[in-house]
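Topology and contacts: notes
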Amino acid sequence: QVQLVESGGGLVQPGGSLRLSCEASGNIFSIYTMGWYRQAPGKQRELVVVDTPGRSTNYPDSVKGRFTISREDAKNTVYLQMNSLKPEDTAVYSCYARAKITRWGVTDDYWGQGTQVTVSS
């Protein structure tokens, strides 16, 4: 199994910044995609951004130019730098990974428990 643990959420004023981190641990053979989703109160979960080596990284218009994803593969860690935060960015941010736990196994999807980001004055 793969465990994903997020950190870095919290309360921030509009215009502020936060950096989320997500570390994958467990019996990992290889991680392919890592990224972030978010779910605001009363809304469906939405994709923020995912990173897959060899593929372009796309951001939705709602966060383009403000959010940046990065990875440290040696640490099985993905980050989300969030700048110029807005109240509408308030949500639970969940880490996602697509990984294999054995060389001959299938890839599977894994989720973290989520970290709350609240943007409010």
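About the criteria used
Residues numbered from 1 in each chain as written. Predicted model: local features only at pLDDT ≥ 70, side-chain atom pairs only at ≥ 80, totals over all residues. Heavy atoms only, no water. Pairing = 2+ DSSP bridges. Helix = DSSP H or I, 4+ residues; strand = E, 2+ residues; numbered from the N terminus. Axes fitted to C-alpha atoms, helices over the stretch in contact; angles between N-to-C directions. Polar contact = N/O pair within 3.5 Å; in protein donor to acceptor, adjacent residues only side chain to side chain. Contact = heavy atoms within 4.5 Å.

Now for the sheet that holds strand 6 (residues 67–72). Note: strands within a sheet are paired through backbone hydrogen bonds, in either parallel or antiparallel orientation. Strand order in this open sheet of four strands is 1-3-7-6, and the pairing throughout is antiparallel. With one partner strand each, in any of the chains shown, strand 1 (2–7) and strand 6 form the two edges of the open sheet. The mean angle between the axes of side-by-side strands here comes to 15°, regardless of whether they run parallel or antiparallel. Two elements, strand 1 and strand 3 (residues 18–26), share six bridges in a ladder whose sense is antiparallel. Residue pairing in the sheet places E6 in a bridge with C22 of strand 3.

This part is about the side chain of T77. Its place among the elements puts T77 in strand 7 (residues 77–82). Side-chain polar atoms of T77 contact the backbone oxygen of K75, separated by 2.8 Å. Filtering out sequence-adjacent residues up to four positions away, T77 remains in contact with C22, E23, M34, S70, R71 and E72.

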